[in-house]
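Coordinate inspection notes
Residues per chain are reported as follows:
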Amino acid sequence: MRGGWLVLLCCVLLIACTNPAAPPPDQQAITFTRAVDLSHIITQDMPHPPAAPATVIQRNASGMVKALAIGVQSGTTLRLTPIPGNAPRTVDMLSPRDLLRPAVVLDLRDRAQDNPSYRLSAEHIRDWETQHGPIPADSIVLLATGWDLRWGSPAEYLRIGDSGQSAVPGVADDAIALLRQRQILGIGIDTPALGSEPAAGWLVLENLTRLEQLPPVGTTLVIGVLKVQASPASPAMVRALIP
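Let me sum up the structure you'll find in this document.

What counts as what
Residues numbered from 1 in each chain as written. Predicted model: local features only at pLDDT ≥ 70, side-chain atom pairs only at ≥ 80, totals over all residues. Heavy atoms only, no water. Buried < 20%, exposed > 50% of the residue type's maximum accessible area, 1.4 Å probe, protein only. Helix = DSSP H or I, 4+ residues; strand = E, 2+ residues; numbered from the N terminus. Arc of directions from axis to C-beta. Contact = heavy atoms within 4.5 Å. Phe/Tyr/Trp six-rings, centres within 6.5 Å; stacked < 30°, edge-to-face > 60°. Lys NZ or Arg CZ within 6 Å of the ring centre and 35° of its normal. Pairing = 2+ DSSP bridges. 1 Å grid on protein atoms, 1.4 Å probe; cavity = no way out; pocket = protein on both sides within 12 Å on 5 of 7 lines; lining within 4 Å. Points joined across faces, edges and corners; volume = space filled by probe spheres on them. Nonpolar A, V, L, I, M, F, W, Y, C, P; charged D, E, K, R; others polar.

This part is about helix 5 (residues 173-181). Among the residues of helix 5, those classed as buried are Ala-175, Ile-176, Leu-178 and Leu-179. Down the axis of helix 5, the buried set is contained in an arc of 165 degrees. They therefore lie on one face. In helix 5, the exposed positions angled more than 90 degrees off the buried face are occupied by Asp-173 and Gln-181. Of the surrounding elements, those touching the buried residues of helix 5 are strand 6 (119-120), helix 3 (122-132), strand 7 (140-144), strand 8 (170-171) and strand 9 (186-189). At the C-terminal side of helix 5, Gln-183 shows a positive phi close to 60 degrees.

Put into structure tokens, the structure is as follows:
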């Protein structure tokens, strides 16, 4: 009898060693062949929203930065959209899982790069899905418009109209509705504004750059933010890991 239990135990251990259970997706190792920096360099003369304070950089005698004053929505930024009926969401509440997410990329440069009135439509999203498959839930959707090429000219990049809003490529309301159905975690764009109200509870990345270097699928985003207490937004450093 004792020998029978010993044989059974050996069989169980052998099965466990040869067929290990796959770890949950959030615990799987991330492998990549290259990384792309999707963040703009912070400079004193970089574009910033009209209502935001100007960036001020103080340097010591050798030219090294010793102090920095910057608005929470200046430079490449992450902001959190509120959830009605819930307490305000702030960046200090974000978990590591929120800031390490899969991403898909829609390359819209042929339509948007020289067309400030362009808006991503639900039809354009469905066309992309026909070629690349459904947009996964809990992913971040990145929109490459090519508008980031204007970053060096703040007036041209921001294109502030009489309404005080940026007139730049963005997202139509029907596209926001479709992406909400896809249950994505957030959206990112290489312009200063989405052009439509994002869905409740999304992470929104704005003023990204170099999105055209990413493949349509397979990218993992690593998002770094300042853990500012009670702030719904923060300057961000965003890296893309590409398999």
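Bringing the environment of Thr-31 into the picture now. Inspection of the secondary structure assignment puts Thr-31 in the loop between helix 1 (2-18) and strand 1 (34-37). C-alpha separation for the pair Thr-31 and Ile-242, spaced 211 residues apart in sequence, amounts to 8.1 Å.

What follows is about the packing of aromatic side chains. By the definition in use, this model includes 1 aromatic pair. On the numbers, 5.0 Å between centres and 80 degrees between planes, the contact of Trp-151 with Tyr-157 is edge-to-face. Given a relative accessible area of 11%, Trp-151 falls into the buried group. Just above the ring of Trp-147 sits the side chain of Arg-150; from NZ or CZ to the centre is 3.8 Å.

Further remarks concern the pairing of strand 5 (residues 100-107). In the sheet, strand 5 pairs with strand 11 (residues 219-225) via 4 bridges, with the strands oriented antiparallel. Considered in strand 11, the bridge of Ala-103 is made with Thr-219.

In this section: the layout of surface pockets. Gaps left between atoms show up when a probe the size of a water molecule is rolled over them. Roughly 390 Å³ of volume is contained in the largest pocket. Along the walls of the largest pocket sit 18 residues, with Pro-49, Gln-73, Pro-192, Ala-193 and Glu-206 positioned nearest its centre. Breaking the lining of the largest pocket down by element, the ones donating at least two residues are strand 4 (77-80) and helix 4 (154-158). The class makeup of the residues in the lining of the largest pocket is 9 nonpolar, 7 polar and 2 charged.

As for its position among the elements, Gln-213 is in the loop between strand 10 (203-206) and strand 11. The exposure class of Gln-213 is partly exposed, given its relative accessible area of 34%. Considering only alpha carbons, one finds Gln-213 and Ala-240, 27 residues apart in sequence, at a separation of 9.6 Å. In contact with Gln-213, not counting residues within four places along its chain, are Arg-34, Val-36 and Ile-242.

On to unusual backbone geometry, then. Of note, Arg-210 is a non-glycine position whose phi angle comes to about 65 degrees, a positive value. Its location among the elements puts Arg-210 in the loop between strand 10 and strand 11. The class of Arg-210 is partly exposed, set by a relative accessible area of 28%. Unusually for a residue other than glycine, Ala-230 sits at a positive phi of about 65 degrees. Among the secondary structure elements, Ala-230 is positioned in the loop between strand 11 and strand 12 (233-242). Classification of Ala-230 by relative accessible area gives exposed; the value is 58%.

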